[in-house]
Amino acid sequence: MDVMGAAGKIHDNSDVAANEQMRLFDLAVRMSGEMDIVDHKRHLKRYKACFTGRQAVQWMLASRVAAHTAEAVQFGVALVNAGLVKGVSTGRKFDNRSYLYRFNVAMDPGVQAARWCLNQEMTKMSGRVMDVCAVVDRHTAACNAISSEHASSMERVEEIFAEMRTQLAWTRAACFVLSAACFLLALGHTATHGGAAAVALLHGGGRAVAAAAEAAVVLLV
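Residues numbered from 1 in each chain as written. Predicted model: local features only at pLDDT ≥ 70, side-chain atom pairs only at ≥ 80, totals over all residues. Heavy atoms only, no water.

## Section: the packing of helix 2 (residues 53-62) against helix 3 (residues 69-81)
Helix-helix packing: each pair is described by the crossing angle between the helix axes and the interaxial distance. Where helix 2 meets helix 3, the axes come as close as 9 Å, and the angle between the chain directions of the two elements is 120 degrees. Taken together, the axis directions place helix 2 and helix 3 in an arrangement best described as oblique. As helix 2 runs across helix 3, the sense of the crossing is right-handed. Between helix 2, through V57, M60 and L61, and helix 3, the contact on the second element is made entirely by T69, A72, V73, F75, G76 and L79. Of the residues in the contact of helix 2 with helix 3, the class split is seven nonpolar, two polar and no charged. (Axes fitted to C-alpha atoms, helices over the stretch in contact; angles between N-to-C directions. Helix = DSSP H or I, 4+ residues; strand = E, 2+ residues; numbered from the N terminus. Parallel < 35°, antiparallel > 145°, perpendicular 65-115°, else oblique. Left-handed = near helix turned anticlockwise from the far one by under 90°. Contact = heavy atoms within 4.5 Å. Nonpolar A, V, L, I, M, F, W, Y, C, P; charged D, E, K, R; others polar.)

## Quick notes on the layout of surface pockets
Here the largest pocket defines a volume of roughly 150 Å³. Every residue lining the largest pocket is listed: R42, H43, Y47, V88, S89, R92, Y99 and L100. (1 Å grid on protein atoms, 1.4 Å probe; cavity = no way out; pocket = protein on both sides within 12 Å on 5 of 7 lines; lining within 4 Å. Points joined across faces, edges and corners; volume = space filled by probe spheres on them.)

## Here's the deal with the pairing of strand 4 (residues 100-103)
Note that strand 2 (residues 45-52) and strand 4 share two bridges and pair antiparallel. Within strand 4, the position partnered with F51 by the bridge is Y101. By the bridge criterion, three bridges tie strand 3 (residues 85-87) to strand 4 in an arrangement that is antiparallel. Each residue of the ladder has a partner; that of K86, found in strand 4, is R102. (Pairing = 2+ DSSP bridges.)

## Considerations on helix 2
Listed as buried for helix 2 are G53, A56, V57, W59 and M60. Seen from one end, helix 2 has its buried residues packed into an arc of 160 degrees, which puts them on one side. Immediately downstream of helix 2, the backbone of R64 shows phi near 60 degrees, a positive value. (Buried < 20%, exposed > 50% of the residue type's maximum accessible area, 1.4 Å probe, protein only. Arc of directions from axis to C-beta.)

## Brief notes about the side chain of T52
One can find T52 in strand 2. The class for T52 is buried, based on a relative accessible area of 12%. Ignoring anything within four residues of it in the chain, the contact list for T52 reads H40, R42, R97, S98, Y99, L100 and Y101.

## Brief notes about the confidence of the model for the chain
Considering every residue of the chain, the mean pLDDT works out to 76; 70% of them sit at 70 or more. Of the regions scoring below 50 in pLDDT, residues 1-11 engages in one contact with residues more than four places distant in sequence or in other chains. (pLDDT = per-residue confidence, 0-100.)

## A word on the nonpolar core
L27, M31, F51, W59, M60, L79 and V85 are the most contacted members of the largest nonpolar core, which totals 22 residues. Secondary-structure elements contributing two or more residues to this core are helix 1 (3-34), helix 2, helix 3 and strand 4. For M60, the contacting residues outside a window of four places in its chain are M31, V65, A66, A72, F75, G76 and L79. (Core = buried A, V, L, I, M, F, W, Y, C linked by side-chain atoms within 4.5 Å.)

## Some points on the packing of aromatic side chains
Inspection of the entire model under this criterion finds three aromatic pairs. Taking 4.8 Å as the distance between ring centres and 35 degrees as the angle between the ring planes, the aromatic pair formed by F51 and F103 counts as tilted. Separated by 52 residues along the polypeptide, F51 in strand 2 and F103 in strand 4 bring together distant segments of the chain. Each of the two residues, F51 as well as F103, counts as buried. Between F94 and Y101 the ring centres are 5.2 Å apart and the planes differ by 35 degrees, which places this aromatic pair in the tilted class. Look at Y101 and you get buried, because its relative accessible area is 0%. Grouped by ring-pair contacts, the aromatic residues F51, F94, Y101 and F103 constitute a single cluster. (Phe/Tyr/Trp six-rings, centres within 6.5 Å; stacked < 30°, edge-to-face > 60°.)

## Quick look at the environment of F103
On the basis of relative accessible area, F103 is assigned to the buried category, the value being 12%. Taking the C-alpha atoms as reference points, F103 and V85, separated by 18 residues in sequence, lie 4.5 Å from one another. Sequence-distant contacts of F103, that is, excluding residues within four places in its chain, are made with A28, M31, S32, I37, F51, L84 and V85.

## With respect to the pairing of strand 2
Note that strand 1 (residues 38-42) and strand 2 share four bridges and pair antiparallel. Bridged to V38 within strand 2 is C50.

Quick look at the structure:
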């Protein structure tokens, strides 16, 4: 399953929905500023600051917002569904008739200005957050690469230390053997000229060489 592709589609759909909402909001703002919003009296009751569905449709046609009546009605239905316009009577759907409608309280000029400013700031913040996420992703990738390289370097260092310890042990063993050999040569030379005492010393030297060999084996182990 292409998770990234699915996430991209969801993001695209959310962007489309957000753009549609803003388009409807802009339409409602324009309507509230250009239409005649007056009080209406119905059945001996006065309804303040409202307009008729027919009035809204005529305005959309005159302002070239809609190309025909059906499209204007669709815009009206969308405005009601978005909560930007509501019927004076609860649950009233939009229609091209004399039914009364009001703009949502969000259409108040002060609220409009605050919402516009908030939208601008949110757009800027969204861009900055995306930039920060990109930087964090790059730094995370770099840290992962450095950590991997560091681990490889440490393994190599440990291998080098192990090789050095082995070489040092061999060097010590070689020194012991070389010293013993020199000692034996010296004893052999002495035995040639020194008689029985020299032979006894030679036997003692042999035992010393054996001990040195054992010590070398221990160091190698």
